Amino acid sequence: MEKSKNLYTVIRIILIPLMKIFFPYTVKGKKNLENCNGAYILCSNHLSNLDSVFLVVSNKKQICFMAKSELFKNFILGYVLKKLGAFSIERGKGDRKAMSDAEKILKNGETLGIFIEGTRSKTGEFLRPHSGTAFLACKVKSPVIPVCITGGGKNNKIKLFKKTIISYGKPMNIEDMPGMVDINIGSLRRVSNDIMDKIKEMR
């Protein structure tokens, strides 16, 4: 299904004032977005169902999110998500189609949104990173922009009327990472940990 840039823009315009009222947020590191042209991967930690919304309202470029397949089971919601550029992934499985879709997005010069932990943190603490982001970055040679979302509630959780901080780090280029010679389990694990470390540093 062809995504709609106009629908995405309209929804973003609606969301910005609503989020500023109910979930006020501050954006740090905007220059890191402005200095990154072409395709890139936005790689964030995951605290709540609002995390993708925080990324949308704080970034002018349309973001294509890798989202859990359960969200697409509702016909209406699934239709809207696809029009916005989202695509499904079967969590806990090697979903080749999802990875293929992600590659196409990056090769088309678009922005891909991924939550590196794969699921929401129930405690607010950082979880173990998954290797999908590292695999895509290595295969397509796309830069990764680490993002740290920190809520104003207890244990850094997102809370109504409490300020949330969205921090964008400097683009990470795979070619600059030590020990990244080819794609294998060891190198992907190292890259994933490097990305996660950058996210942790911003908190």
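Preceding this paragraph is the structure being described.
Let us look at the structure shown here. (Residues numbered from 1 in each chain as written. Predicted model: local features only at pLDDT ≥ 70, side-chain atom pairs only at ≥ 80, totals over all residues. Heavy atoms only, no water.)

**Topic: the packing of helix α6 (residues 132–140) against helix α7 (residues 185–202)**
Where α6 contacts α7, the axes come no closer than 8 Å and their chain directions differ by 110 degrees. Here α7 runs roughly perpendicular to α6, going by the angle between their axes. In this structure, α6 contributes Thr-133, Ala-134, Phe-135 and Cys-138 to the contact, and α7 contributes Leu-188, Val-191, Ser-192 and Ile-195. In the contact of α6 with α7, the residues fall into six nonpolar, two polar and no charged. (Axes fitted to C-alpha atoms, helices over the stretch in contact; angles between N-to-C directions. Helix = DSSP H or I, 4+ residues; strand = E, 2+ residues; numbered from the N terminus. Parallel < 35°, antiparallel > 145°, perpendicular 65-115°, else oblique. Contact = heavy atoms within 4.5 Å. Nonpolar A, V, L, I, M, F, W, Y, C, P; charged D, E, K, R; others polar.)

**So, the sheet that holds strand β3 (residues 63–68)**
Taken in spatial order, the seven strands of this open sheet run β1-β7-β6-β2-β5-β3-β4, and their pairing is mixed. Each edge of the sheet is formed by a strand with only one pairing partner; in this case those strands are β1 (25–28) and β4 (87–89). The sheet shows a mean angle of 25 degrees between the axes of neighbouring strands, taken without regard to direction. Strand direction decides the pairing type here: β3 and β4, joined by three bridges, are parallel. Paired with Lys-68 across the bridge in β4 is Ile-89. Contacting β2 (40–44), β3, β4 and β5 (111–115), helix α5 (residues 96–107) runs over the sheet at an angle of about 145 degrees to β4. (Pairing = 2+ DSSP bridges.)

**Overview of a nonpolar patch on the surface**
Side chains of Val-10, Ile-14, Leu-18, Ile-21, Phe-22, Leu-160 and Phe-161 sit close together on the surface and give an oily, nonpolar patch of about 660 Å² of accessible area. One can find Val-10 in helix α1 (residues 5–22). Classification of Val-10 by relative accessible area gives partly exposed; the value is 45%. (Patch = residues over 30% accessible without salt bridge, like charges linked within 9 Å, V, L, I, M, F, W, Y side chains within 5 Å. Areas by Shrake-Rupley, 256 points an atom, 1.4 Å probe, with all protein chains shown as cover. Salt bridge = Lys/Arg side-chain N within 4 Å of Asp/Glu carboxyl O. Buried < 20%, exposed > 50% of the residue type's maximum accessible area, 1.4 Å probe, protein only.)

**Here we look at the environment of Met-202**
In this fold, Met-202 is placed in helix α7. A relative accessible area of 24% means that Met-202 is categorised as partly exposed. As a C-alpha pair, Met-202 and Ser-142 span 60 residues in sequence and 21 Å in three-dimensional space. Once you skip the residues sitting within four places of it in the chain, Met-202 turns out to touch Pro-146, Val-147, Cys-148, Ser-167, Tyr-168 and Gly-169.

**A few points about the nonpolar core**
Among the nonpolar cores identified, the biggest contains 30 residues, and Ile-41, Met-66, Leu-112, Leu-136 and Ile-195 are the most heavily contacted of them. Put simply, the parts of the chain that give this core at least two residues each are β2, β3, β4, α5, β5, α6, β6 (144–150) and α7. Among residues more than four places away in sequence, those in contact with Leu-136 are Ile-41, Met-66, Met-99, Ala-102, Glu-103, Leu-106, Leu-112, Ile-114 and Lys-141. In this structure, Tyr-25, Leu-42, Val-147 and Ile-149 belong to the second largest nonpolar core, which totals 25 residues. (Core = buried A, V, L, I, M, F, W, Y, C linked by side-chain atoms within 4.5 Å.)

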